[in-house]
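So you can see what is in the structure, the chains are spelled out below.
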Amino acid sequence: MIINKELLDKVSNEAKQSDRLRMNYNFHESLDSKTQRLLNALEPGTKMPIHRHRHTAETYILLRGKIKVTFHEQDKSITSEYTLDPLQENYGVHIPVNQWHSLEVLESDSVIFEVKEGPYSPLKEKDILL
């Protein structure tokens with residue numbers, strides 16, 4: 001399968017129609033796969049709470065658009081902030097295991113390629129800062 005503009009447009013259009021204003025396109029065969037590889041189309045206004053993954057690191061590569069990724073402490077204070085924008089040659093970010101983080105979508109039609117270890121594990125209440 002090729003990852004091209006047509007695929008990105010398809011997933012972005014699905015994100016725009018979603019109540020969550022985001023949509024995944026999974027390349028892994030199942031939620032039990034050892035590696036989770038996916039496109040994540042994100043639209044401005046999508047809600048991404050501050051959260052962490054205690055079992056895996058994550059890597060985002062921004063294919064198009066513009067997003068801000070923030071790293072946080074337990075008290076929600078920001079420790080680092082990264083603006084990803086391929087036009088400014090800032091392509092991606094690696095998020096260490098157990099790192100509190102969030103993102104804000106700054107431009108419509110933003111799409112990241114995301115990789116993390118599997119199997120898929122939904123966030124637990126103790127892994128979300130409210």
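These numbers were taken from a predicted model, which means no experiment stands behind them.

Draft legend 1. Examining the pairing of strand β2 (residues 35-42) more closely. Within β2, six of the eight residues are buried, which leaves it mostly tucked inside the rest of the structure. By the bridge criterion, five bridges tie strand β1 (residues 22-26) to β2 in an arrangement that is antiparallel. If you follow Asn26 over to β2, its bridge partner there is Leu38.

Draft legend 2. Quick peek at the side chain of Arg52. Within the secondary structure, Arg52 sits in the loop between β3 (50-51) and β4 (58-64). From its side chain, Arg52 meets the backbone oxygen of Lys126 in a polar contact 3.3 Å long. Within polar-contact distance, the side chain of Arg52 engages the side chain of Asp127 at 2.9 Å. Setting aside its immediate chain neighbours within four residues, Arg52 contacts Gln74, Asn98, Gln99, Trp100, His101, Leu123, Lys126 and Asp127.

Each value, and the rule that gives it
- Residues numbered from 1 in each chain as written.
- Predicted model: local features only at pLDDT ≥ 70, side-chain atom pairs only at ≥ 80, totals over all residues.
- Heavy atoms only, no water.
- Buried < 20%, exposed > 50% of the residue type's maximum accessible area, 1.4 Å probe, protein only.
- Helix = DSSP H or I, 4+ residues; strand = E, 2+ residues; numbered from the N terminus.
- Pairing = 2+ DSSP bridges.
- Polar contact = N/O pair within 3.5 Å; in protein donor to acceptor, adjacent residues only side chain to side chain.
- Contact = heavy atoms within 4.5 Å.

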